[in-house]
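Residue strings, one per chain:
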Amino acid sequence: MLKNNLLAFCVCLFSFVVAAQSPNTMDALQQIEQNNATLKAFSSFLESRKLSQKASNNLPDPQAGAYYLPFGNHASGDYSEFQLTQSFEFPTVYSSRSNLIEMQEAQSAMEYQLKRQEVLLPAIKLLNELIFLAKKEKVEQVRVLQSKKLFDQTNELFEIEQAGILELNKAKIAWIQEQFKLDILDADRKKIMLQLQNLNGGNELEFSQNDYSGSLIIDDPESLWREKILGDPELKILGEQEKVAQQRIKLSKSKSLPNLTAGYNYQGVSGSSYSGVYGGVSIPLWSTRNTVKAAEANYDYQKSFTQVKTDVMHTEFLGEYEVYQVMLKKYQEYQSTLQSMSSEALLLQAFELGELSFMQYYLELQFYQQAFDSMSDMEKQLNQSKADLLKHQL
């Protein structure tokens, strides 16, 4: 029976290794980015906003008007007039607004990157959960075999009256509990796969990576923060907002210049007619009052907001980095200690030699298994925290 169980475990392990050749973390993230419904909708929204911004720089529609005045007391013939005009803002306004639109498009590009980050960060955390469950499942498969072997040995002792029924029952319960843990892991895996399928636009995502990506050692906080300033879309948006606010000042100043109108005019009466060009100019006395001051005040606010927001993000980043380093140090201590031990093998040997009762063996085994599980949980948490610290690299 034990040989059959070992054979089944080897087959399962081989299947796991083969499955690990399916898409890795980066491949999975690329699939999600391509298929995610939120990103597709947001991209359409940004395209709509881009076209609306460009439309704001169009010329107003030309205007045509005509008079025909046949009524009234007049010695001459009926009077008629026709006029076609085109109004437009001062030419510098269009160039200033065009520059503003380009800056707004750059800001929109950063907004898309931020939305992309909001989608892919939870995705990579779910992928880390799958990796954790796969590693946990390998451990639990071994524990199921161990608990089955223990139950068989206890049953043999029971048959020769060297173990009581209580010990036999406890051994069976321990075996059942380990099998139940495997069932829970499988249910958790299916739940996460459904969440990833939702992020992948309803398409099933194939993913069986068997270990976390990269080392847990990350750069020093100063280097990482400099990299974050250059690459994090949330910080880059703040810079783009400053540029947009500054350009609005230039646009407001340009709009204080007069609007212009040009056109053609025809007038005719009693066989006589006059035609020629028409020109007009607005007098900007009221419409632009305080607009430049308002734009300057908005720019001052945006600079202050950028500084405050950057300082807050820097403080939060340093705090997260410090917590990460403390956790990493504790994990490395756990790892070093547990790797130097052969506690489970020694406990099993002591039980088989009759030096420990089943209960003594089981309690001691639980202690070391819980320590290993704590280390495994810590490794998962480190990878999740690492994803938060390096989200600007997504």
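Reading guide: rules and limits
- Residues numbered from 1 in each chain as written.
- Predicted model: local features only at pLDDT ≥ 70, side-chain atom pairs only at ≥ 80, totals over all residues.
- Heavy atoms only, no water.
- Core = buried A, V, L, I, M, F, W, Y, C linked by side-chain atoms within 4.5 Å.
- Buried < 20%, exposed > 50% of the residue type's maximum accessible area, 1.4 Å probe, protein only.
- Helix = DSSP H or I, 4+ residues; strand = E, 2+ residues; numbered from the N terminus.
- Contact = heavy atoms within 4.5 Å.
- Salt bridge = Lys/Arg side-chain N within 4 Å of Asp/Glu carboxyl O.

### What about the nonpolar core?
- Counting residues in each nonpolar core, the largest one holds 27 residues, and the members touching the most others are I32, L127, L130 and L196.
- Contributions of two or more residues to this core are made by helix 2 (25-35), helix 3 (37-55), helix 4 (91-159) and helix 5 (165-199).
- Broken down by element, this core gets its largest block of residues, 12 residues, from helix 4.
- In this structure L196 touches I32, A123, L126, L127, L130 and L205, once residues within four positions along its chain are discounted.
- Counting 18 residues, the second-largest nonpolar core is a separate cluster that includes L224, L238, F317 and L328.

### Things to note about the pattern of salt bridges
- Taken as a whole, this structure holds 19 salt bridges when the rule is applied.
- Between R143 and D373 there is a salt bridge; the shortest N-O distance is 3.2 Å. Remark: D373 occurs in helix 10 (residues 358-389) and R143 occurs in helix 4; sequence separation between them is 230 residues.
- R143 sits in the buried class, given a relative accessible area of 3%.
- D186 is paired through a salt bridge with R189; the nearest N and O atoms lie 2.9 Å apart. With D186 and R189 both in helix 5, this residue pair falls 3 residues apart, about one helical turn.
- Residue D186 is classed as partly exposed on the basis of its relative accessible area, which comes to 25%.
- For R189, a relative accessible area of 33% gives the class partly exposed.
- Three or more residues joined by partner-sharing salt bridges are found here, namely K136, E140, R143 and D373.

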